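# Survey of secondary and tertiary structure
Listed below are the residues making up each chain.
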Amino acid sequence: MNQVELACDVLIIGGGAAGCVAAVEARERAPELSVVVMEKAHVYRSGCLAAGISALNAYLTTGETAESFLRYAIRETIGVVRDDLTLTMARELNAQVKRVEDWGLPIPRDEMGAPLKRGRASIKIFGERIKPILGKRAEASGATILNRVNATGLAVQDGRVVGAFGFGVRDGTFYIVRAKTVLVCTGGAAGLYRPSNPGGAAHRMWYSPFNTGAGLAMGIRAGAEMTSFEFRFIPLRIKDAMAPTGEIAQWLGAKQINARGEAYLEKYYEHLGGKRMLTQDRLYATLMEHRAGRGPCYLDLRGVNPRKLDGTIAAYLSMAPSTAMIMSDEAYYAGHGGEMAPVEITGGEPHVVGGHGLSGYWIDSARRATLPGLYAAGDVAGGTPKKYASGAWAEAVLAVRAMIDELRSQPAATALAPDVVEQERTRVFAPIAQPGPVPARDFEERLQKVMDEYAGGISVQYGYAEGTLRIARLHLERLEGELEALGAATPYELMHCHEVIDRVEVARTLLTHMSHRRETRWHCYQERLDYPERDDEHFMIFVNSVREADGSLRIIERPVERATIDVVLPPLSDGAVIRQPFGNGTLGDSSDPKD
Amino acid sequence: MGISVDENLCNRCGTADEPMCVRDCPGDLMFIKENNKAAITDNRECWDCAACVKVCPTQAISMQLPTSLVVRGVTLKGRALKHKTTWAIRLRDGDVHHYDTPSTGKPPFTPQL
């Protein structure tokens, strides 16, 4: 078996939105540093941004501040959010957007020079080429890019992360990368739950199906502390296409209507805030309409100027091209030049994704994980919701600055003990030459079925209870025990094996977190049928976990610390508002339906 | 359903090196067959991101939606040019709709909205 050994100052695991910007930041700020990027695909079109995006949803538009962004985040997560992370990220947003604009990302601006606003924290972009723009910059930075290398594990020695392992997905080469500091930015985890579309369309999903939770799993295995997995992000999406609704809801101003044609957010859910309700309640209200017999629900495109619709189709081509095809096909049925039919909306399958929700590595404001030498940024990092792409850039930059600081005082890289290397090599290549191998897809489907039915998937409208979680845990334990039957004939199949191994690891942590939060704080995302009420007295906390050496998970409860860093926040009505269901409007500001 | 390759048009990017669709697929699904033509390993794995569609220099690759969503007949082609991407959506009746999307530009960027 071929083997490649490398040593560097900065190892970046994952060459997506965060990873590419991290590479450039490291090389620009400290050109003497050697930087390696380990990327499972190719940096030109990998990760969440492969298809492109049509908006940046984390940006301080005119009049907004880091503090107003934080108030919006606090309201959206009903109090459980890391103020320090959110503020430090928000302060960095506009500078990083400007940086990528200078690299060639087209951002339309008004006559005053301000980016065109789609919402209070959202601007329009022409982002079809966004990933090649980032990838080429990362390449030109002088970082060593290892494309088509799937990272499998962190190298931990004497409690410190000193590198990572991986294998070439085309040639099966084993990679050993020693590093003085490691940044993990591999994205979140898709494919934990049965997806909304069947069989041949199973990957017609919102989140990248190639983001399989590798970074989360390697952190869990290494004993890094993880937070808030139970805050599952469930997107409200255009049905079938599973594309974001913001382009229609925000840009065209289309209302959410039920099957009777009523604007249901305003008519039936004023108590949740009406059309200014939280992102989670937009989905919750849509489910409630279905249960009340008034479903399905739609975004109303009737009356939209067809010329503007062309712009919307173009925007979808720049981020979710299949949606443009479906909309064009719908328009064909509606008759040429005829009125556009309303677009049906529905919830997707749950994801563990820290860029939208709260789940991921527990980090400090320098983006340090709990293991020395390890940093996290982007969708893999927890505690800061509403980061999206531009927030991932901001976090990457913050992490790299702290890494450079650490490197200035850091001694030479340690050699890797042979047993640490051999243990991972054995684990990674176990599925090769397996007699009577079971393909990864079988395990993937079984995992997704269990999670869907017993851990709050689409088929049970996201609800779960201790009893169902117990069954899920039992099935998962059995499944874990059978993973040794996984077999692969090629390196590509080996990648699929590790994707499912990693997903099972993430799912196990997820179930433990779901079980611990005995309240319902985040409708749909965290819907406990046995504890349907919010319980601020006991659960205005972060639920964290650490995997012990024996494989068991230890739960750690961490308090919410409200704006303790160097910033004076506007008064939050002494916290009393937070304890009221969904706030009363004084806590934060209207949410934007951009998710 | 993902993508399909028109073998009459595919010329392997006219290179002995790695063709661009093989380089860019985020799922590592594209490969070159023995006859030197590009192909996809498994359309069920395709994310419909159109990376291969846009980068193909001979427009040999087109995208179809999974049959469970839209029956065959609706296809998408695209071409990444320096500052824009051009698109063609072919509908069931054979009508083709064309779109352009800006892709790169130096600030200040002035779009034609």
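What counts and what doesn't
- Residues numbered from 1 in each chain as written.
- Chains lettered and ligands numbered in written order.
- Predicted model: local features only at pLDDT ≥ 70, side-chain atom pairs only at ≥ 80, totals over all residues.
- Heavy atoms only, no water.
- Helix = DSSP H or I, 4+ residues; strand = E, 2+ residues; numbered from the N terminus.
- Buried < 20%, exposed > 50% of the residue type's maximum accessible area, 1.4 Å probe, protein only.
- Contact = heavy atoms within 4.5 Å.
- Areas by Shrake-Rupley, 256 points an atom, 1.4 Å probe, with all protein chains shown as cover.
- Lys, Arg positive; Asp, Glu negative; His and termini not counted.
- Charge placed at Lys NZ, Arg CZ, Asp CG, Glu CD.
- Phe/Tyr/Trp six-rings, centres within 6.5 Å; stacked < 30°, edge-to-face > 60°.
- Pairing = 2+ DSSP bridges.
- Axes fitted to C-alpha atoms, helices over the stretch in contact; angles between N-to-C directions.
- Salt bridge = Lys/Arg side-chain N within 4 Å of Asp/Glu carboxyl O.
- pLDDT = per-residue confidence, 0-100.
- Core = buried A, V, L, I, M, F, W, Y, C linked by side-chain atoms within 4.5 Å.
- Parallel < 35°, antiparallel > 145°, perpendicular 65-115°, else oblique.
- Buried area = accessible area lost by both parts, 1.4 Å probe.
- Polar contact = N/O pair within 3.5 Å; in protein donor to acceptor, adjacent residues only side chain to side chain.

## Thoughts on the overall build of chain A
- A count of helices and strands for chain A gives 17 helices and 21 strands.
- In terms of its C-alpha atoms, chain A occupies a principal-axis envelope of roughly 65 × 55 × 55 Å.
- For chain A, the proportion of its 595 residues judged to be buried stands at 67%.
- Counting contacts in chain A only where the partners sit at least 6 residues apart, residues at least 24 apart contribute 75% of the total.
- When the accessible area of chain A is evaluated, it comes to approximately 19,700 Å², of which 51% is carbon and sulfur surface.
- Here chain A holds 68 positive side-chain charges and 74 negative ones, and the gap between their average locations is 3 Å.

## Here's the deal with the packing of aromatic side chains
All names here are of chain A.
- Enumeration over the complete set of coordinates arrives at 13 aromatic pairs over all chains.
- Ring geometry for Phe-69 and Tyr-72: centres 5.6 Å apart, planes at 85 degrees, overall edge-to-face. With Phe-69 and Tyr-72 both in helix α2 (residues 66-76), this residue pair falls three residues apart, about one helical turn. Across this residue pair, the class does not change: Phe-69 and Tyr-72 are buried.

## Regarding the sheet that holds strand β4 (residues 117-119) of chain A
Residues and elements named next belong to chain A.
- Taken in spatial order, the three strands line up as β3-β5-β4 in an open sheet, and their pairing is antiparallel. Among the strands making up the open sheet, the edge pair consists of β3 (53-56) and β4. Averaged over all neighbouring strand pairs, the angle between strand axes comes to 45 degrees, with direction disregarded.

## Digging into the environment of Ala50(A)
- Within the secondary structure, Ala50(A) sits in the loop between β2 (35-38) and β3.
- The exposure class assigned to Ala50(A) is buried, which follows from its relative accessible area of 0%.
- Remark: the alpha-carbon pair of Ala50(A) and Arg129(A), spanning 79 residues in sequence, is separated by 8.7 Å.
- Setting aside anything within four residues of it in sequence, one finds Ala50(A) in contact with Arg45(A), Pro26(B) and Trp47(B).

## Some details on the pattern of salt bridges
- Going through the model one piece at a time under the given rule, you end up with 62 salt bridges over all chains.
- Between Arg23(B) and Asp24(B) there is a salt bridge; the shortest N-O distance is 2.7 Å.
- What emerges from the salt-bridge pattern is a single network uniting Glu25(A), Glu28(A), Arg29(A), Glu92(A), Arg99(A) and Arg401(A).

## Here's the deal with unusual backbone geometry
All names here are of chain A.
- For the bond running from Gly-295 to Pro-296, omega is -5 degrees, close enough to zero to count as cis.
- By the element assignment, Pro-296 lies in the loop between α8 (279-291) and β14 (297-299).
- The phi dihedral of Met-242 falls on the positive side, at around 55 degrees, and the residue is not glycine.
- Residue position: Met-242 is located in the loop between β11 (236-238) and β12 (243-244).
- A positive phi angle is found at Tyr-462, which is not glycine, with a value near 75 degrees.
- Its place among the elements puts Tyr-462 in the loop between α13 (440-454) and β18 (463-464).

## A closer look at the sheet that holds strand β21 (residues 553-559) of chain A
All names here are of chain A.
- On the basis of which strands lie adjacent, the open sheet formed by four strands has the order β16-β10-β20-β21 and antiparallel pairing. A strand with exactly one partner marks an edge of an open sheet, and here the two such strands are β16 (360-361) and β21.
- As paired strands, strand β10 (residues 226-227) and β16 are joined by two bridges and run antiparallel to one another. Residue Met-226 lies in a different strand from β16, and its bridge partner there is Tyr-361.
- Lying on the sheet, helix α15 (residues 491-516) is in contact with β10, β20 (541-547) and β21; it crosses β20 at an angle near 140 degrees.

## Things to note about the confidence of the model for chain B
All names here are of chain B.
- Chain-level pLDDT for chain B is 91 on average; 96% of the residues reach the 70-or-more range.
- When pLDDT is averaged over each element of chain B, helix α1 (residues 20-24) comes out on top at 98 and strand β7 (residues 96-102) at the bottom at 93.
- Confidence estimates for the predicted assembly give a pTM of 0.94 and an ipTM of 0.96.

## Considerations on the nonpolar core
- If you look at the biggest cluster of nonpolar residues, it comprises 179 residues, and the most contacted ones within it are Leu11(A), Ile248(A), Tyr361(A) and Met30(B).
- Take this core: its biggest share by element is twelve residues, from α15(A).
- Beyond its immediate chain neighbours, meaning those up to four positions away, Met30(B) contacts Ile3(B), Val5(B), Cys21(B), Val22(B), Cys25(B), Ala38(B), Ala39(B), Ile40(B) and Ile61(B).
- Core analysis: the next-biggest nonpolar cluster, separate from the first, contains 49 residues, Leu56(A), Trp103(A), Ala366(A) and Leu407(A) among them.

## So, the packing of helix α3 (residues 83-102) of chain A against helix α11 (residues 388-408) of chain A
Residues and elements named next belong to chain A.
- Two numbers describe how α3 lies on α11: the axes approach to 8 Å, and their chain directions differ by 105 degrees. It follows from the interaxial angle that α3 and α11 lie roughly perpendicular. Here α3 contributes Thr-88, Met-89, Glu-92, Leu-93, Gln-96, Val-97, Arg-99 and Val-100 to the contact with α11, which in turn contributes Ser-390, Gly-391, Trp-393, Ala-394, Glu-395, Val-397, Leu-398 and Arg-401.

## A closer look at the interface of chain B and chain A
- Across the boundary between the two partners, chain B contributes 55 residues, which contact 60 residues of chain A.
- Interface area for chain B against chain A, summed over the two sides, is near 4,700 Å², with a carbon-plus-sulfur share of 60%.
- Our count for the chain B to chain A interface comes out at eight salt bridges.
- The partner of Arg170(A) in a salt bridge is Asp28(B), and the shortest N-O contact between them spans 2.7 Å.
- Taken together, the links from chain B to chain A amount to 23 residue pairs in polar contact (both at pLDDT 80 or more).

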